[in-house]
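Descriptive structure summary
Each chain, written out:
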Amino acid sequence: MTSLSRRRFLQAAVAASAVGATIPRWMMPAGALPLASDEGMLLVVNLGGGLDSLSLLVPSDGARRSAYEAARGSEALAAGSLPPATVDHGFNPSLTHLSNRFSAGGVALVDGIGLPESLRSHSLSTAAVQSASLTPIPTGWLGRHLDGYSDRGDELMSVAVSSTVPLHVRGDVNQAAAMPPGTGMWGTDPNNRVDQTTADAVRAFSNSPADHGPWADLIAATGERALDKASLSVGLPTSSTAPRGIRQDMEIAAHVFNADIGTRVVAVGAGGYDTHGSQNTKTAHLLGELDQAIEGFFATLASDRHNRVMVLVVSEFGRKPGLTSSLGSDHGYAGISMLIGPNVAGGLHSESPSLTNLDAQDCMIPTIDLRSLYAPVLDGWLGGDSNAVLGGTYSPLGVIAASPGTNK
Amino acid sequence: MSISSSDAAHLLRRSGYGVTTAELDALTQAADRQTAVDRVLALQNTPTDPVPTVDDSINFVDWWRTTTWWMERMRTTPVGIVEKMTLFWHDHFVSSMIKVMSIELGVKQHKLFRDLGMGDFEALTQAVAVDPNMLIYLDNWLNMSWGPQENFARELMELFTLGVGNYDENDVAAMARAWTGHGLTGDFHNYQYYDWAHDGGQKSLFGLPARAWNGPETITEIVRGSKAEVSSKFITAKVFSILAYPVEPDDPAVAPIAAQFRAAGLDITALVRAILLSDEFWSPRARFALVRSPLEWVVATLKALDVPVSDGILDTDVVAMGQAPFLHPHVGGWGANEAWVSTGASWTRSDWLSRVRWVSYYSSNPFAGLESATPAEVADEGFRRFGIIEPSSNTYSVVENWAAQLRSDGDAAYIPFNLPMIMALTPEFQVS
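Quick look at the overall build of chain A
Assigned secondary structure in chain A consists of twelve helices and eleven strands. For chain A, long-range pairs separated by at least 24 residues make up 74% of all intrachain contacts whose partners lie at least 6 apart in sequence. By element, 54% of the accessible surface of chain A is carried by carbon and sulfur atoms, the whole surface being about 13800 Å².

Structure (structure tokens):
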């Protein structure tokens with residue numbers, strides 16, 4: 001992190017702690033600040049349902065391969081069909097492009113990732129992963145980070161390409177903009193006098209409390225900021241020719257980064273990873289979509305942004321190694337994450353979890369704390385303060401090879 | 001004696017999808033709150049037109065036909081609570097046409113929510129557990145004795161009946177074994193039990209003496225046996241949270257209502273009635289304590305404008321707003337309140353309104369003539385039609401000033417065209 005962005009962040013953090021969140025939302029300053037050329041950006045991809053790590057990074061040789069074949073039986077993916085990854089693991093056959101990226105040093109794999117407690121419920125585990133906290137709290141780790149900026153409260157600092165905002169990017173102050181694909185931006189035509197008069201009236205709803213409870217005031221303030229931000233977003237493609245779903249959403253994400261409207265973090269998500277049944281068929285399809293989505297994202301991303309954007313892929317938990325009668329697997333514990341981009345330190349950064357030494361519920365036991373991945377992303381890439389955001393010190397994995405805007 | 005229009009509007013918003021002047025006038029005739037609650041619970045007045053017949057496939061034309069049929073029912077029914085609870089159960093026992101690969105099975109399950117959703121909670125849960133849509137969505141149809149699989153077993157306890165913390169991982173494993181063998185007929189359209197695929201062995205559940213639990217018995221045990229109190233509080237809190245204000249099962253408001261629910265033999269209509277008659281429901285804390293979900297807000301808007309759903313909204317609008325029936329994004333359901341407040345919500349709502357104002361203007365044109373009215377008359381008629389009984393002084397003057405501005409700009413002709421937009425975007429109209 002450069003001294004300039006560090007100083008700016010700390011100044012803002014001090015200002016934030018002095019006045020806190022007590023400023024009424026309708027008094028917040030609006031207006032996006034463009035990012036400096038040495039500031040990093042992050043696309044966070046949530047794979048909802050619990051990604052089966054053994055379907056992504058497949059044991060191909062050695063003792064772990066034997067244990068994998070024992071656990072998965074006839075559903076074990078043939079070792080010879082796997083695109084290359086590490087010396088004794090390959091990628092899912094659908095991840096051919098990702099394998100190429102990995103070979104070129106552009107993918108950091110973190111296998112065996114998890115938090116100190118196994119939460120097997122989708123909602124609890126998703127909340128824990130996105131808040132980086134085992135006790136429920138209402139903010140996400142990236143939302144808390146973004147709260148530290150002087151332009152805090154600016155929803156374009158983070159954008160969710162979806163109808164709702166995931167916990168990842170929810171802060172105490174920072175409210176991410178939810179940008180569902182295909183949405184028009186009403187109220188942005190300066191030549192339409194009647195619409196401008198109407199938009200001004202909608203803004204004025206937030207002039208003073210509506211005496212209809214706190215939700216009404218929040219809605220009024222959000223409506224005002226949405227109109228302010230709409231004019232900044234004009235011309236931004238909110239749809240694409242890519243197929244609907246993660247491929248389209250990630251292309252839109254690239255357009256948001258390209259537009260330079262002050263966006264530091266974009267959040268997208270894909271569902272369907274809860275593969276209790278027909279796991280091989282489903283993961284082949286889902287990971288194929290993800291593979292295409294990653295390619296589409298970097299193809300759309302402007303060339304001068306490639307060394308300033310990273311893609312972080314997370315899921316709420318891994319799955320059990322054992323197979324059920326429905327040829328799928330149940331909710332597990334240790335999972336896998338990836339950090340993708342030209343500036344990552346490529347390779348496998350942790351030990352893959354044992355397939356024979358399992359916990360009492362037959363789940364793989366994590367070898368690395370999730371927050372050891374979040375910490376370097378916060379400190380080394382986003383110019384933040386992982387101690388403050390994560391509420392503790394976690395020994396950082398060396399996943400960042402070059403700081404934003406530089407080439408490794 | 002009669003109830004105030006403020007109380008009547010509160011009851012109409014919570015038990016249905018909007019407040020028309022006619023509904024408000026009728027309900028304020030009620031002698032007291034009990035009579036008013038009886039009226040909104042007159043289930044026998046529910047329309048009887050059938051749910052559409054649809055294809056046995058992922059068919060987005062049929063999906064949209066069903067969705068608009070349902071939204072139109074929400075808009076026009078005199079018994080909104082039936083639709084509210086049908087939607088509630090649809091979000092409680094989630095499913096997705098994409099996973100199930102059949103809108104026909106989704107519609108079949110919808111009828112089940114419609115037929116049983118105001119009746120016996122155990123009967124409803126038992127029926128849902130072996131409904132093909134659920135058996136496929138949570139994979140239980142492939143749960144066999146030789147490799148038990150936990151998807152349905154876990155969600156049955158976590159999401160459907162008990163909530164996290166009221167069972168442990170050993171219960172999940174035992175529950176998965178109990179639900180082995182509950183599968184489908186060869187055409188995937190009907191439930192069939194396969195005893196040869198059922199694990200008939202002893203299982204320990206909830207610390208009770210081991211026995212050969214079989215699926216449906218576990219539901220009876222949860223809702224009427226050793227977990228009855230916990231389960232009734234869990235369900236009561238969820239229904240209370242959509243009708244009164246958001247609570248957790250340990251909230252003091254919940255226990256007495258859950259006790260009434262149990263005393264009524266788990267009759268859901270009795271539960272709804274107990275909530276609507278509770279002091280908490282009528283308390284200041286409950287007023288405007290909920291955010292209107294996209295479906296609620298769209299239906300209420302089209303109701304105010306007298307525009308049929310099939311003319312008023314596109315499938316892409318419903319998807320962009322994030323609350324598409326039969327297409328739940330994940331097993332946890334849609335979320336509520338804070339989930340529906342975001343810049344994205346503001347953008348999608350105003351984007352839709354900027355199109356529906358044309359439909360309204362060139363069909364029902366409910367505000368015809370207001371181009372020559374005074375600003376106060378414009379505001380009064382807007383609030384009246386949108387069922388906003390007590391606009392704040394700020395909101396009222398904003399609308400009044402808006403109309404005055406259009407007049408002074410020579411744009412008064414646009415008042416009838418744009419009034420729907422500004423009314424639907426008032427903070428008052430976006431909460432319930």
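Once you've had a look at it, read on.
Re the overall build of chain B
Along the backbone of chain B there are 24 helices and two strands. Here the C-alpha atoms of chain B give a radius of gyration of 24 Å, agreeing with the 22 Å that 2.2 N^0.38 yields for 432 residues. Seen through its principal axes, chain B has C-alpha atoms that stretch 80 × 50 × 35 Å. Within chain B, the fraction of its 432 residues that count as buried is 63%. Long-range pairs, those at least 24 residues apart, make up 71% of the contacts in chain B with a sequence separation of at least 6. Carbon together with sulfur atoms contributes 54% to the accessible area of chain B, which is approximately 14900 Å² in total. Considering chain B, the positive charge centre built from 32 side chains and the negative charge centre built from 52 side chains are found 2 Å apart.

Examining the environment of leucine 82 of chain A
Residues and elements named next belong to chain A. Along the chain, leucine 82 turns up in the loop between α3 (62–72) and β3 (89–91). Take leucine 82: its relative accessible area is 12%, and that puts it in the buried class. Note: C-alpha distance between leucine 82 and histidine 255 (173 residues apart in sequence) is 33 Å. Contact partners of leucine 82, with chain neighbours within four places excluded, come to Val58, Pro59, Ser60, Leu77, Gly90, Phe91 and Pro93.

A short note on the packing of helix α3 (residues 33–40) of chain B against helix α15 (residues 268–277) of chain B
When two helices pack together, their arrangement is captured by the angle between the axes and the distance separating the axes. Residues and elements named next belong to chain B. At their nearest, the axes of α3 and α15 sit 10 Å apart, and the two run at 145° to each other. Relative to α15, α3 is oriented so that their crossing is right-handed. Taken together, the residues of α15 that come into contact with α3 (itself represented by Arg33, Gln34, Val37, Asp38 and Val40) are Arg273, Leu276 and Leu277. Per-class residue counts for the contact of α3 with α15 are four nonpolar, one polar and three charged.

A short note on the nonpolar core
Judged by nonpolar contacts, the single largest core of 82 residues is most densely connected at Trp89 and Val272 of chain B. What tryptophan 89 of chain B contacts, discounting residues up to four positions off in sequence, is Phe113, Gly117, Phe121, Leu124, Ile235 and Ile268 of chain B. Counting residues in each nonpolar core, the second largest holds 75 residues, with Leu227 of chain A together with Trp297, Val341 and Val356 of chain B among its members.

A few points about the confidence of the model for chain A
Of all residues in chain A, 89% attain a pLDDT of 70 or more, and the chain-wide mean is 89. Low pLDDT, under 50, characterises residues 1–32 of chain A; the predicted model gives this stretch 55 contacts beyond four residues in sequence or across chains.

Looking at the packing of aromatic side chains
Residues and elements named next belong to chain B. Here the structure, examined in full by the defined rule, presents 28 aromatic pairs over all chains. Arranged with centres 4.9 Å apart and planes meeting at 70°, the rings of phenylalanine 88 and tryptophan 89 form a pair that is edge-to-face. Side by side, phenylalanine 88 and tryptophan 89 carry an identical accessibility label, which is buried. Seen in terms of ring centroids, tryptophan 358 and phenylalanine 417 are 4.8 Å apart; in terms of plane orientation they differ by 70°. Their pairing is edge-to-face. Linking tryptophan 358 in helix α20 (residues 343–362) with phenylalanine 417 in helix α23 (residues 415–424), this pair joins segments that are 59 residues apart in sequence. Overall, tryptophan 358 belongs to the partly exposed group, its relative accessible area being 45%. Members of the aromatic cluster, each reached through a chain of ring pairs, are Phe88, Trp89, Phe93, Phe113, Phe121, Phe152, Phe160, Trp179 and Phe261. Just above the ring of tyrosine 17 sits the side chain of lysine 84; from NZ or CZ to the centre is 5.3 Å.

Considerations on a nonpolar patch on the surface
Residues Ile58, Phe60, Ile98 and Met101 of chain B make up a contiguous nonpolar surface patch of roughly 370 Å² in combined accessible area. Checked against the element boundaries, methionine 101 of chain B lands in the loop between α6 (97–100) and α7 (103–116).

Some points on the side chain of glutamate 221 of chain B
Mapping glutamate 221 of chain B onto the fold places it in helix α12 (residues 215–224). Residues in contact with glutamate 221 of chain B, not counting those within four places in the same chain, are Phe206, Leu208, Trp213, Ser226 and Lys227 of chain B.

Here we look at the pattern of salt bridges
Scanning the entire structure with this criterion turns up 37 salt bridges over all chains. One salt bridge connects lysine 282 of chain A with aspartate 139 of chain B, and the closest N-O pair in it is separated by 4.0 Å. With lysine 282 of chain A in helix α10 (residues 279–300) and aspartate 139 of chain B in the loop between α9 (132–137) and α10 (151–161), this residue pair bridges two chains. Residue lysine 282 of chain A is classed as partly exposed on the basis of its relative accessible area, which comes to 23%. Judged by its relative accessible area of 3%, aspartate 139 of chain B falls in the buried class. With its nearest N and O atoms 3.0 Å apart, the salt bridge here joins lysine 303 of chain B to glutamate 23 of chain B. Of this pair, lysine 303 of chain B sits in helix α17 (residues 294–305) while glutamate 23 of chain B sits in helix α2 (residues 21–27); the two residues are 280 residues apart in sequence, bridging distant segments of the chain. In the salt-bridge network here, residues are joined through shared partners; they are Arg120 and Lys320 of chain A together with Glu150, Arg154 and Glu169 of chain B.

Regarding the interface of chain B and chain A
Taken together, the contacts link 63 residues of chain B with 58 residues of chain A. In total, chain B and chain A occlude about 4800 Å² of area from one another, counting both sides; carbon and sulfur atoms represent 63% of this. When the buried area of chain B at its contact with chain A is split by residue, Val341, Thr343 and Trp347 of chain B rank highest and sum to 15% of it. Joining chain B to chain A, the criterion identifies six salt bridges. Here aspartate 411 of chain B makes a salt bridge to arginine 193 of chain A, at a shortest N to O gap of 2.9 Å. Of all the secondary structure elements, the ones that give two or more residues to the side of chain B that touches chain A are α10, α11 (169–178), α19 (315–321), α20, α22 (393–408), α23 and α24 (427–430) of chain B. The greatest single-element share of the side of chain B that touches chain A, amounting to nine residues, is contributed by α20 of chain B. Across the side of chain B that touches chain A, the residue classes break down as 28 nonpolar, 21 polar and 14 charged.

Things to note about α17 of chain B
Residue and element names in this part refer to chain B. Between the first and last C-alpha of α17 there are 16 Å, a value that for twelve residues agrees with the 16 Å anticipated at 1.5 Å per step. Of all twelve residues in α17, twelve are buried, a share of seventy percent or more. If you check which residues of α17 are buried, you get Pro294, Leu295, Glu296, Trp297, Val298, Val299, Ala300, Thr301, Leu302, Lys303, Ala304 and Leu305. Among the residues trailing α17, aspartate 306 stands out with phi positive, at a value near 65°.

Some remarks on unusual backbone geometry
Of note, the phi angle at alanine 132 of chain A is positive, near 60°, even though the residue is not glycine. For alanine 132 of chain A, the position within the fold is in the loop between α5 (122–131) and α6 (141–146). When its relative accessible area of 4% is taken as the criterion, alanine 132 of chain A is described as buried. Not every positive phi belongs to a glycine, and phenylalanine 326 of chain B is a case in point at roughly 65°. Note on placement: phenylalanine 326 of chain B falls in the loop between α19 and α20. Residue classification places phenylalanine 326 of chain B among the buried residues on the basis of a relative accessible area of 2%.

The rules behind each value
- Residues numbered from 1 in each chain as written.
- Chains lettered and ligands numbered in written order.
- Predicted model: local features only at pLDDT ≥ 70, side-chain atom pairs only at ≥ 80, totals over all residues.
- Heavy atoms only, no water.
- Helix = DSSP H or I, 4+ residues; strand = E, 2+ residues; numbered from the N terminus.
- Contact = heavy atoms within 4.5 Å.
- Areas by Shrake-Rupley, 256 points an atom, 1.4 Å probe, with all protein chains shown as cover.
- Rg over C-alpha atoms; globule rule 2.2 N^0.38 Å.
- Buried < 20%, exposed > 50% of the residue type's maximum accessible area, 1.4 Å probe, protein only.
- Lys, Arg positive; Asp, Glu negative; His and termini not counted.
- Charge placed at Lys NZ, Arg CZ, Asp CG, Glu CD.
- Axes fitted to C-alpha atoms, helices over the stretch in contact; angles between N-to-C directions.
- Left-handed = near helix turned anticlockwise from the far one by under 90°.
- Nonpolar A, V, L, I, M, F, W, Y, C, P; charged D, E, K, R; others polar.
- Core = buried A, V, L, I, M, F, W, Y, C linked by side-chain atoms within 4.5 Å.
- pLDDT = per-residue confidence, 0-100.
- Phe/Tyr/Trp six-rings, centres within 6.5 Å; stacked < 30°, edge-to-face > 60°.
- Lys NZ or Arg CZ within 6 Å of the ring centre and 35° of its normal.
- Patch = residues over 30% accessible without salt bridge, like charges linked within 9 Å, V, L, I, M, F, W, Y side chains within 5 Å.
- Salt bridge = Lys/Arg side-chain N within 4 Å of Asp/Glu carboxyl O.
- Buried area = accessible area lost by both parts, 1.4 Å probe.
- Expected span 1.5 Å × (residues − 1).

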